[in-house]
Amino acid sequence: MTDRILCVCLGNICRSPTAEGVLRARLPGHEIDSAGTGDWHIGKPPYGPAQAAALGRGYDISGLRARQVSPADFDRFDLILAMDSENHADLARMAPKGARADLAMYLDPLGGGDVPDPYFTRDFEGALDLIEEAARLWAARLSGTSG
């Protein structure tokens, strides 16, 4: 059973905290967290425009704080979802031998691909569209219901 899910992007201030907020809303009763592969923003809240986009759709992510992925996460979580292929490759490299977490791309239910980083693209609404659509499908898959 997949009860503990970790969403991972680069800095943990845009995509992964947004995915955490959306998945929390879609999967009550599951432990959802987020982290970054980089350490630049540890302890900081999600980026302002990401918070605003999320709040505009009813997801309050203001209380989240950035953290970096740790080796312990690979045993603590059942599923680790990478927001893009670069972070997926970094996670695969850092996974300890015998790690129990499954590693997947966040957009796998939509056929794969990357969630473009809105920190650089400035398209926070477009990133949120993808995050919500994939969350709907992940929730259906993990709860055993149709999307």
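Keep in mind that what you see is a predicted model, and the values were worked out from it rather than measured. (Residues numbered from 1 in each chain as written. Predicted model: local features only at pLDDT ≥ 70, side-chain atom pairs only at ≥ 80, totals over all residues. Heavy atoms only, no water.)

Chemist: Looking at this structure, how should I read the overall build of the protein?
Modeler: When helices and strands are counted, the protein shows six helices and four strands. Buried positions account for 47% of the 147 residues belonging to the protein. Looking at the protein alone, contacts between residues at least 24 apart form 68% of all its contacts between residues at least 6 apart. With the model as given, the accessible surface of the protein reaches about 6,800 Å², and the carbon-plus-sulfur share is 51%. Looking at the protein, you have 15 positive and 21 negative side-chain charges, and the mean spots of the two groups are 3 Å apart. (Helix = DSSP H or I, 4+ residues; strand = E, 2+ residues; numbered from the N terminus. Buried < 20%, exposed > 50% of the residue type's maximum accessible area, 1.4 Å probe, protein only. Contact = heavy atoms within 4.5 Å. Areas by Shrake-Rupley, 256 points an atom, 1.4 Å probe, with all protein chains shown as cover. Lys, Arg positive; Asp, Glu negative; His and termini not counted. Charge placed at Lys NZ, Arg CZ, Asp CG, Glu CD.)

Chemist: Explain the sheet that holds strand β3 (residues 79-82) to me, please; I cannot follow it from the model alone.
Modeler: The strands that make up a sheet are held in pairs by hydrogen bonds between backbone atoms, and each pair lies either parallel or antiparallel. Pairing within the open sheet is parallel, and its four strands lie in the order β2-β1-β3-β4. Only two strands of the sheet have a single partner each, and these edge strands are β2 (31-36) and β4 (102-105). Pairwise comparison of adjacent strand axes, ignoring direction, gives a mean angle of 25° for this sheet. Lying over the sheet, helix α4 (residues 85-94) contacts β1 (4-9), β3 and β4, oriented at roughly 165° with respect to β4. (Pairing = 2+ DSSP bridges. Axes fitted to C-alpha atoms, helices over the stretch in contact; angles between N-to-C directions.)

Chemist: Could you clarify how one ought to interpret the nonpolar core in this entry?
Modeler: One recurring pattern in soluble globular proteins is that nonpolar side chains are buried together. Counting residues in each nonpolar core, the largest one holds 32 residues, and the members touching the most others are Leu23, Leu81, Tyr106 and Trp138. When contributions to this core are tallied by element, the ones reaching two or more residues are β1, α1 (15-26), α2 (48-56), β3 and α6 (124-143). The dominant element in this core, judged by the number of residues it contributes, is α6, at eight residues. Once residues lying within four places of it in the same chain are set aside, the contact partners of Leu81 are Ile5, Leu6, Cys7, Val8, Leu23, Ala104, Met105, Tyr106 and Trp138. Counting eleven residues, the second largest nonpolar core, distinct from the first, contains Leu6, Ala35, Phe74 and Ala82. (Core = buried A, V, L, I, M, F, W, Y, C linked by side-chain atoms within 4.5 Å.)

Chemist: Quick question: what am I supposed to make of the pairing of β4 here?
Modeler: Each regular strand shows side chains that alternate between the opposite faces of the sheet. The pairing of β3 with β4 spans four bridges and is parallel. Its bridge partner being in β4, Ile80 is matched across the sheet by Leu103. Between β3 and its parallel partner β4, the chain crosses via α4, and the hand of that crossover is right-handed. (Right-handed = clockwise from strand over helix to strand, strands pointing away.)

Chemist: Even after reading the chapter, I still don't get the side chain of Asp33, so can you show me in this structure?
Modeler: On the secondary structure map, Asp33 appears in strand β2. The class for Asp33 is buried, based on a relative accessible area of 15%. Polar side-chain contacts of Asp33 include one of 3.1 Å to the side chain of Arg67. (Polar contact = N/O pair within 3.5 Å; in protein donor to acceptor, adjacent residues only side chain to side chain.)

Chemist: Can you help me understand the pattern of salt bridges in this one?
Modeler: Oppositely charged side chains are able to pair whenever their charged atoms sit close together. Inspection of the entire model under this criterion finds 14 salt bridges. For Glu20, the salt bridge is made with Arg24, and the minimal N-O distance between the two is 2.6 Å. With Glu20 and Arg24 both in helix α1 and four residues apart, the pair spans about one turn of that helix. Asp73 is the partner of Arg67 in a salt bridge, and the nearest nitrogen-oxygen pair spans 3.0 Å. Asp73 sits in the buried class, given a relative accessible area of 3%. One connected set of salt bridges, linked through shared partners, spans Glu31, Asp33, Arg67, Asp73 and Arg76. (Salt bridge = Lys/Arg side-chain N within 4 Å of Asp/Glu carboxyl O.)

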